[in-house]
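# What the coordinates show
Each chain is listed here by its residues.
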Amino acid sequence: GNSVTQMEGPVTLSEEAFLTINCTYTATGYPSLFWYVQYPGEGLQLLLKATKADDKGSNKGFEATYRKETTSFHLEKGSVQVSDSAVYFCALSATGGSYIPTFGRGTSLIVHP
Amino acid sequence: SQTIHQWPATLVQPVGSPLSLECTVEGTSNPNLYWYRQAAGRGLQLLFYSVGIGQISSEVPQNLSASRPQDRQFILSSKKLLLSDSGFYLCAWRGEPLGGGYTFGSGTRLTVV
């Protein structure tokens, strides 16, 4: 079956530090890959996506590259802000069936001033 | 534009009482709809999904049920709540095309007391 593995959190950084949150996946076929962000008390928001190998998704300074050879979709940001503090979910959506998405367990990011 | 509405935002219910959470989608037709639960500090658990009116698939045995009486309406119910039903409930729909990702509602915080 499909699966998504994310690094355990929380990730604690100082403002302006470089961020990497690792995500690897297992899937048959050619899935689409996503990063979602959840701010406290809110639903999930789509942060960025990539639909084929070597695509780079980017949004709000975050970016992730679809690496089929390493089955990875790591999230990066060059300089984090306090307002980036949230939980980040990596997800995939595979073809076939009812397109049930598969989510990672989420990684909490805490950014200190 | 497509939007998703979920209510209520917060709910406190006694053990043994019934539950009804509603989710509606606007600006699309025949969406795939999903109910997730998120326990405190944990990842997403898929409860139900629906690919059409009256079509409900259950992912895990639950004290909960779901119904889809209309194309863009998805309801989560329980006849008798348990303490373990407490959590953050999220409705989502799948955008088109498949690579468009999933849009989440703002969530319902349910506390069973």
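On a predicted model such as this, the values are computed, not experimentally measured, just so you know. (Residues numbered from 1 in each chain as written. Chains lettered and ligands numbered in written order. Predicted model: local features only at pLDDT ≥ 70, side-chain atom pairs only at ≥ 80, totals over all residues. Heavy atoms only, no water.)

All names here are of chain A. One can find Ala-64 in strand S8 (residues 62–65). Taking the C-alpha atoms as reference points, Ala-64 and Thr-107, separated by 43 residues in sequence, lie 15 Å from one another. For Ala-64, the contacting residues outside a window of four places in its chain are Trp-35, Leu-48, Asp-55, Lys-56, Gly-57, Phe-73, His-74 and Leu-75. (Helix = DSSP H or I, 4+ residues; strand = E, 2+ residues; numbered from the N terminus. Contact = heavy atoms within 4.5 Å.)

Right, let's talk about the packing of aromatic side chains for a bit. All names here are of chain B. On inspection of all chains with the given rule, the structure shows 13 aromatic pairs over all chains. Summarising the aromatic geometry, the rings of Tyr-34 and Tyr-102 are spaced 5.4 Å apart at their centres and angled 75° between planes, so their arrangement reads as edge-to-face. Residue Tyr-34 is located in strand S4 (residues 33–38), and its partner Tyr-102 is located in strand S10 (residues 102–104); the two are separated by 68 residues in the primary sequence. Each member of the pair Tyr-34 and Tyr-102 is classed as buried. (Phe/Tyr/Trp six-rings, centres within 6.5 Å; stacked < 30°, edge-to-face > 60°. Buried < 20%, exposed > 50% of the residue type's maximum accessible area, 1.4 Å probe, protein only.)

Attention shifts here to the nonpolar core. Counting residues in hydrophobic clusters, the biggest one holds 26 residues, and the most contacted among them are A:Leu19, A:Trp35, A:Leu47, A:Leu48, A:Phe73, A:Leu75 and A:Tyr88. Put simply, the parts of the chain that give this core at least two residues each are strand S2 (11–14), strand S3 (19–21), strand S4 (23–26), strand S5 (32–38), strand S6 (44–50), S8, strand S10 (86–93) and strand S12 (107–112) of chain A. With four residues, S10(A) is the single largest residue contributor to this core. Ignoring anything within four residues of it in the chain, the contact list for A:Leu47 reads A:Trp35, A:Tyr36, A:Val37, A:Asn59, A:Lys60, A:Phe62, A:Leu75 and A:Tyr88. Core analysis: the second largest hydrophobic core is formed by 20 residues, B:Val25, B:Ala66, B:Phe74 and B:Val112 among them. (Core = buried A, V, L, I, M, F, W, Y, C linked by side-chain atoms within 4.5 Å.)

Here we take up the interface of chain A and chain B. Each partner contributes residues to the interface: chain A has 21 residues there, and chain B has 22 residues. Taking both partners together, chain A and chain B bury about 1700 Å²; carbon and sulfur atoms supply 61% of that area. For the pair chain A and chain B, the number of links is zero salt bridges. Inspection of the region where chain A meets chain B yields four residue pairs in polar contact (both at pLDDT 80 or more). Going through the elements one at a time, S5, S6 and S10 of chain A are the ones with two or more residues in the side of chain A that touches chain B. (Buried area = accessible area lost by both parts, 1.4 Å probe. Salt bridge = Lys/Arg side-chain N within 4 Å of Asp/Glu carboxyl O. Polar contact = N/O pair within 3.5 Å; in protein donor to acceptor, adjacent residues only side chain to side chain.)

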